[in-house]
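Architecture and fold: a report
Take a look at the letters that make up each chain.
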Amino acid sequence: MAASLAVILLLGLPARKIFEKLKLPGLIGMLVLGVLIGPYGFNLLQEDMLKISGDLRGIALIIILLRAGFGIDKDDLKKIGITALKMSCIPGLIEGLFIAAASMYFLGFTFSQGGMLGFIIAAVSPAVVVPAMLELTENNLGTKKGIPALILAGASIDDVFAITIFSAFLGLYSGSNINIGVQLLSIPVSIISGIIAGVLIGFVLIVIFKKYHIRDTKKVLLVLGFSILLNQLEAVLKTKLQIASLLGVMAIGFIISEKSSSIGERLSDKFNKIWILAEVLLFVLVGALVDVNVALKAGITGIIIIFIGLTGRSIGVIVSLIGTEYNWRERLFCVIAYIPKATVQAAMGAVPLSMGVESGDIILAVAVLSVLITAPLGAIGIHYSAEKLLVEKN
């Protein structure tokens, strides 16, 4: 496993640099590297590394969401509150239903099969979107109207909706006595419980930091430790209480920064440095999950279905932004920023197949194909459109 880690680091950093030299987002280089050295490529990673891949990716995602929490401003939250809620559910809902309908037409799926495919693909990728929005914040692009904060908040909740509705369709297919109303009710419950848990942990940490003299490096370890525990609590309580732990993680960073800006700034700087390692691990290991041969099985039909879904998502973003002060350029940027898929699709694409769902192999193929198409497309789109579309600077 140590050798695998060395391979990831020694090849991941140059891969990022090469793609940056080509004027492309560095994460694409790391994703491509992951595909090449993963089990479906040259198989250079040890099995032990792949076994803990999920945990490593989870920790990396926690680090980037903590960075996001430290970077969110209270005034921005006031501006984007209701719009962020709309952005977190309307685009994904419309995309999921568009894909469900398209798969019923093109692939002959039942509604429950189409719903599973639709809401696996409907989840936007915080792993791709969050770092890009933090970079915009650092460069003061779109911050005057809180656009990066809007995308950050919306993307972090979007996955909760998508995964919950996917679970409902999986239960519907398997014939479980599932109450759709209860499933939908669990969404706001999980959001509220996640925020409350994060806020409470944030306050506890602030009390500890103010009462005891602790070096910033140790503060970082405490914050990270509590955040990982919150994330694990979600898994432990899954059957009893839904907790949107990733939203809670952002809340931890926000509360610390809000209650002590000096501590927040120092910890944010520390997490920025940790992210250099976490970013390489996250994107290379996500790439290692992608089987290009499986994706090719989806063919042209899979590509058509994915773009029908993106059309639905774009409509959803535009609908969500009705009545806001954003101009057409800023709305177009929000559409582009909501394109990338990666983590949920790579992690959950095989779930229907493992559960014995008919056509589960096709669902997996389309899910993998969506990562290969939308992660680079979205990352490049954000990278090149931000300076053209988000013209106002602070």
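Criteria and thresholds
Residues numbered from 1 in each chain as written. Predicted model: local features only at pLDDT ≥ 70, side-chain atom pairs only at ≥ 80, totals over all residues. Heavy atoms only, no water. Helix = DSSP H or I, 4+ residues; strand = E, 2+ residues; numbered from the N terminus. Buried < 20%, exposed > 50% of the residue type's maximum accessible area, 1.4 Å probe, protein only. Areas by Shrake-Rupley, 256 points an atom, 1.4 Å probe, with all protein chains shown as cover. Lys, Arg positive; Asp, Glu negative; His and termini not counted. Charge placed at Lys NZ, Arg CZ, Asp CG, Glu CD. Patch = residues over 30% accessible without salt bridge, like charges linked within 9 Å, V, L, I, M, F, W, Y side chains within 5 Å. Salt bridge = Lys/Arg side-chain N within 4 Å of Asp/Glu carboxyl O. Phe/Tyr/Trp six-rings, centres within 6.5 Å; stacked < 30°, edge-to-face > 60°. Axes fitted to C-alpha atoms, helices over the stretch in contact; angles between N-to-C directions. Parallel < 35°, antiparallel > 145°, perpendicular 65-115°, else oblique. Left-handed = near helix turned anticlockwise from the far one by under 90°. Contact = heavy atoms within 4.5 Å. Nonpolar A, V, L, I, M, F, W, Y, C, P; charged D, E, K, R; others polar. Expected span 1.5 Å × (residues − 1). Arc of directions from axis to C-beta. Core = buried A, V, L, I, M, F, W, Y, C linked by side-chain atoms within 4.5 Å. Polar contact = N/O pair within 3.5 Å; in protein donor to acceptor, adjacent residues only side chain to side chain.

1. Let's talk about the overall build of the protein
A count of helical and extended segments in the protein gives 17 helices and zero strands. Across its three principal axes, the protein shows a C-alpha extent of roughly 60 × 50 × 45 Å. Among the 394 residues that make up the protein, the fraction classed as buried is 55%. A total of about 17,200 Å² of accessible surface is found on the protein, and carbon and sulfur atoms cover 65% of it. Charge-centre separation for the protein: the mean point of 31 positive side chains lies 6 Å from the mean point of 25 negative side chains.

2. Looking at a nonpolar patch on the surface
A cluster of nonpolar side chains, namely Tyr105, Phe106, Ile300, Ile303, Ile304, Phe307 and Leu377, defines an oily patch on the protein surface of about 690 Å² accessible area. Examined against the element boundaries, phenylalanine 307 turns out to sit in helix α13 (residues 292–320).

3. What about the pattern of salt bridges?
One pass over the full model with this rule turns up eleven salt bridges. A salt bridge links glutamate 138 to arginine 67, with the nearest nitrogen and oxygen atoms 3.1 Å apart. Within this pair, whereas glutamate 138 is found in helix α7 (residues 126–138), its partner arginine 67 is found in helix α4 (residues 53–71), the two being separated by 71 residues in sequence. Across the pair lysine 273 and aspartate 269 runs a salt bridge, and its minimum N-O distance is 3.6 Å. Of this pair, lysine 273 and aspartate 269 both sit in helix α12 (residues 261–288), four residues apart, which is roughly one turn of the helix. Within the structure, one salt-bridge network assembled from shared partners comprises Glu95, Asp158, Arg313 and Lys341.

4. A word on the packing of aromatic side chains
Under the criterion given, the structure shown has four aromatic pairs. Aromatic side chains tyrosine 105 and phenylalanine 106 sit 5.0 Å apart centroid to centroid with 90 degrees between the ring planes, which places their arrangement in the edge-to-face category. A centroid spacing of 5.2 Å and a plane angle of 75 degrees characterise the contact between phenylalanine 111 and phenylalanine 169, whose relative ring orientation is edge-to-face. Here phenylalanine 111, found in helix α6 (residues 111–121), pairs with phenylalanine 169, found in helix α8 (residues 147–174); they are 58 residues apart in sequence, far enough to count as distant.

5. Some points on the packing of helix α14 (residues 328–337) against helix α17 (residues 360–389)
In the contact formed by α14 and α17, the axes pass within 9 Å of each other and the chain directions differ by 165 degrees. One way to sum up the angle between α14 and α17 is to call them roughly antiparallel. In this structure, α14 meets α17 at a crossing whose hand is left-handed. In contact with Arg329, Glu330, Leu332, Phe333, Ile336 and Ala337 of α14, α17 contributes Gly378, Gly381, Ile382, Ser385, Ala386, Lys388 and Leu389. Its residues placed into classes, the contact of α14 with α17 shows seven nonpolar, three polar and three charged.

6. Focus on unusual backbone geometry
Positive phi is not limited to glycine here, since lysine 23 has a value of about 65 degrees. For asparagine 140, which is not glycine, the phi torsion reads 55 degrees and is therefore positive.

7. Some words on the side chain of threonine 83
Position of threonine 83 among the secondary structure elements: in helix α5 (residues 74–106). Beyond its immediate chain neighbours, meaning those up to four positions away, threonine 83 contacts Leu150, Ser320, Leu321 and Thr324.

8. Notes on the environment of leucine 364
Among the structural elements, leucine 364 can be located in helix α17. On the basis of relative accessibility, which here comes to 18%, the residue leucine 364 falls in the buried class. Residues leucine 364 and glutamine 345, spaced 19 residues apart in sequence, show a C-alpha to C-alpha distance of 8.5 Å. Other than its neighbours up to four places away in sequence, leucine 364 contacts Val294, Gly349, Ala350 and Leu353.

9. Remarks on helix α10 (residues 216–236)
For α10, with 21 residues, the first-to-last C-alpha span of 30 Å sits near the 30 Å given by 1.5 Å per residue. Of the residues making up α10, those classed as buried are Asp216, Lys219, Val220, Val223, Leu224, Ser227, Leu230 and Asn231. The buried residues of α10 occupy one face: seen down the axis, they fall within an arc of 130 degrees. Residues of α10 that are exposed and angled more than 90 degrees away from the buried face: Lys218, Leu221, Leu229, Ala235 and Val236.

10. Concerning the nonpolar core
In this structure, Met133, Ile256 and Phe333 are the most contacted members of the largest nonpolar core, which totals 131 residues. For this core, the element with the most residues is α8, which contributes 15 residues. Setting aside residues up to four positions removed in sequence, methionine 133 forms contacts with Pro148, Ile151, Leu152, Phe333, Ala337 and Ile382.

11. As for the packing of α4 against α7
The geometry of α4 relative to α7 is characterised by a closest axis approach of 10 Å and an angle of 30 degrees between their N-to-C directions. Comparing the axis directions of α4 and α7 gives the class roughly parallel. Crossing of α4 over α7 shows left-handed handedness. For the pair α4 and α7, contact is made by Leu61, Ile64, Leu65, Arg67 and Ala68 and by Pro126, Ala127, Val130, Pro131, Leu134 and Glu138, respectively. For the contact of α4 with α7, the class distribution of residues is nine nonpolar, no polar and two charged.

12. Remarks on α14
Within α14, burial applies to Glu330, Phe333, Cys334, Val335, Ile336 and Ala337. Packed against the buried residues of α14 are α5, α7, α8, α13 and α17. For α14, the N-terminal capping position is held by asparagine 327, with its side-chain oxygen 3.0 Å away from the main-chain nitrogen of arginine 329.

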